[in-house]
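# Structure assessment
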Amino acid sequence: QVQLVESGGGSVQAGGSLTLSCAASGSIFSFNSMEWYRQAPGKQRELVARITLGGSTLYLDSVKGRFTISRDNAKKTVWMQMNSLKLEDTAVYYCQMTDRIFREYWGQGTQVIVSP
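Computed from a prediction, not measured in an experiment: that's the story for all the values here.

Time to look at the packing of aromatic side chains. According to the stated counting rule, one finds 2 aromatic pairs in the structure shown. Their ring planes at 80 degrees and their centres at 6.1 Å tell us that Phe 31 and Tyr 105 sit as a pair that is edge-to-face. Placement of the pair is Phe 31 in strand β4 (residues 31-39) and Tyr 105 in strand β10 (residues 104-106), with a sequence separation of 74 residues. The same class applies to Phe 31 and to Tyr 105, which are both buried. Arranged with centres 5.0 Å apart and planes meeting at 50 degrees, the rings of Tyr 37 and Trp 106 form a pair that is tilted. Taken together, the residues span a long stretch of sequence, with Tyr 37 in strand β4 and Trp 106 in strand β10 at a distance of 69 residues. For Tyr 37, a relative accessible area of 16% corresponds to the buried category. Given a relative accessible area of 34%, Trp 106 falls into the partly exposed group. The aromatic ring of Tyr 94 is capped on one face by Arg 45, whose charged end is 3.8 Å from the ring centroid. Here the guanidinium or amino end of Arg 45 rests over the ring plane of Trp 106, the centre of that ring lying 4.8 Å away.

In structure tokens, the structure reads:
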């Protein structure tokens, strides 16, 4: 059974930084894509960043230049460095990993609150 455990959320003032991490455990060799999603109150979940097995990245337009996604395949871990945080970044952040046969695994979510 594969489990994803997230950490690193919290409260920060606007302009501050946080780093989220998500580590996978269980009997799985590797993942294709690793992604971060977020869901703000009253809004749909949206893809924030994606990193492929080969290291290609994709970002939501509103976070480009502020967020950086990275991964360590051996550790089965993905991070997201979030800088220059804005009020609108407040949300619950979820990591997702997709394995070689396209099964999706989700973390439990970690809250990020950005205050003025």
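With that settled, consider the sheet that holds strand β3 (residues 18-25). Pairing within the open sheet is antiparallel, and its 4 strands lie in the order β1-β3-β8-β7. Strand pairing shows two members of the sheet lacking a second neighbour, β1 (3-7) and β7 (67-72), which therefore form its edges. The sheet shows a mean angle of 15 degrees between the axes of neighbouring strands, taken without regard to direction. The pairing of β1 with β3 spans 5 bridges and is classified as antiparallel.

Right, let's get into the environment of Gly 9. Tracing the backbone through its elements, the reader meets Gly 9 in the loop between β1 and β2 (10-13). Separated by 100 residues in sequence, Gly 9 and Gly 109 have C-alpha atoms that sit 9.0 Å apart. In this view, Gly 9 contacts Leu 20, Thr 110, Gln 111 and Val 112; residues no more than four positions away in its chain are not counted.

Thresholds applied
Residues numbered from 1 in each chain as written. Predicted model: local features only at pLDDT ≥ 70, side-chain atom pairs only at ≥ 80, totals over all residues. Heavy atoms only, no water. Phe/Tyr/Trp six-rings, centres within 6.5 Å; stacked < 30°, edge-to-face > 60°. Helix = DSSP H or I, 4+ residues; strand = E, 2+ residues; numbered from the N terminus. Buried < 20%, exposed > 50% of the residue type's maximum accessible area, 1.4 Å probe, protein only. Lys NZ or Arg CZ within 6 Å of the ring centre and 35° of its normal. Pairing = 2+ DSSP bridges. Axes fitted to C-alpha atoms, helices over the stretch in contact; angles between N-to-C directions. Contact = heavy atoms within 4.5 Å.

Everything listed here is a matter of coordinates, which is why it stays silent on function.
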